[in-house]
Amino acid sequence: MIFTADIREEHPLAGSTSTVSNRLVLNTYRLLGLLEEYQVKGTFFIQGLAGQQYNHLIRAIADQGHELACHSYSLRPLESLSEALFRAELRCSKRTVEDVSGKPVLGFRAPAPLQANVVKWYSKALKDHGIRYDSSTLVRAKGLTPVTIVQALTEQIRTHTLDCYPTMVNIVRSAQA
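These remarks concern the structure in this document.

Reading guide: rules and limits
Residues numbered from 1 in each chain as written. Predicted model: local features only at pLDDT ≥ 70, side-chain atom pairs only at ≥ 80, totals over all residues. Heavy atoms only, no water. Buried < 20%, exposed > 50% of the residue type's maximum accessible area, 1.4 Å probe, protein only. Helix = DSSP H or I, 4+ residues; strand = E, 2+ residues; numbered from the N terminus. Pairing = 2+ DSSP bridges. Polar contact = N/O pair within 3.5 Å; in protein donor to acceptor, adjacent residues only side chain to side chain. Phe/Tyr/Trp six-rings, centres within 6.5 Å; stacked < 30°, edge-to-face > 60°. Core = buried A, V, L, I, M, F, W, Y, C linked by side-chain atoms within 4.5 Å. Contact = heavy atoms within 4.5 Å.

1. Some thoughts on the pairing of strand β1 (residues 4–7)
Item 1. Residues of β1 alternate between two faces, with A5 and I7 buried on one and T4 and D6 left unburied on the opposite face.
Item 2. Two elements, β1 and strand β2 (residues 43–46), share four bridges in a ladder whose sense is parallel. Following the sheet pairing, D6 is matched in β2 by F45.

2. Observations concerning the side chain of T43
Item 1. In this fold, T43 is placed in strand β2.
Item 2. Within the local environment of T43, its side chain forms a polar contact with the side chain of E67, the two groups lying 2.6 Å apart.

3. So, helix α5 (residues 119–128)
Item 1. Looking only at α5, the buried set comprises V119, W121, Y122, S123, A125 and L126.
Item 2. Looking one or two residues beyond α5, the residue adopting positive phi is G130, at roughly 80°.

4. Section: the packing of aromatic side chains
Item 1. Scanning the entire structure with this criterion turns up four aromatic pairs.
Item 2. Relative to F108, the ring of F86 lies with its centre 5.8 Å away and its plane at 85°, an arrangement referred to as edge-to-face. Here F108 lies in strand β4 (residues 107–108) and F86 lies in helix α4 (residues 83–101), a separation of 22 residues in the sequence. For the pair F86 and F108, one class covers both residues: buried.
Item 3. Relative to Y122, the ring of F86 has its centre 5.5 Å away and its plane inclined at 45°; by these criteria the two rings are tilted.

5. Re the nonpolar core
Item 1. In terms of nonpolar packing, the biggest core is built from 33 residues, with F44, I46, L68, L78, F86, F108 and Y122 touching the most fellow members.
Item 2. Mapped by element, the contributors of at least two residues to this core are β1, α1 (22–37), β2, α3 (55–63), β3 (67–70), α4 and α5.
Item 3. When sequence neighbours within four positions are dropped, the list of residues in contact with F44 reads A5, I7, L31, L32, L35, I61, H66, E67, L68 and A69.

6. Digging into unusual backbone geometry
Item 1. A positive phi angle, close to 55°, is found at Q39, a residue other than glycine.
Item 2. Residue placement: Q39 occurs in the loop between α1 and β2.
Item 3. Of note, L75 is a non-glycine position whose phi angle comes to about 70°, a positive value.
Item 4. Within the secondary structure, L75 is located in the loop between β3 and α4.
Item 5. Take L75: its relative accessible area is 11%, and that puts it in the buried class.

7. Some thoughts on the environment of F86
Item 1. Residue F86 is classed as buried on the basis of its relative accessible area of 2%.
Item 2. Apart from the residues lying within four places of it in its own chain, the contact partners of F86 are L78, L81, F108, W121, Y122, A125 and L126.

Below you can see the structure in the form of structure tokens.
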């Protein structure tokens, strides 16, 4: 079975002194318990801020044998970030997950559907930081034709997805064993 979860806190609870709520912690441990009970493995896309604040979640997820991937740092839409700021957030988020888990991070999921105008620099930034696959969605921007969108998406897939097939096959095989 293929399963993914986003570990993120988009809207902190009102009156909370933390930027990430305890609700996120409780729900993640509850989900981990269910996955263990049903012997299901998956990929957890970790928000960098949540991972920094609750690094015990990263350890618990890794200890159960799930894959860890990045889900940005601040959850701000990429079109609101400069390329340099996105790279800084990606570096921080990836480092947090890798340092706590001791495992390499190969995947990324953007916090919101990607606008086509960021795909080129976004894809290059992922590749430059060792990200092998992207689980984000792409939306149609005004004025773009279906051909332009397909070309941008094809470049993204060609750049990242083909490299990850051996890893995907190994993950599926180990899940079937």
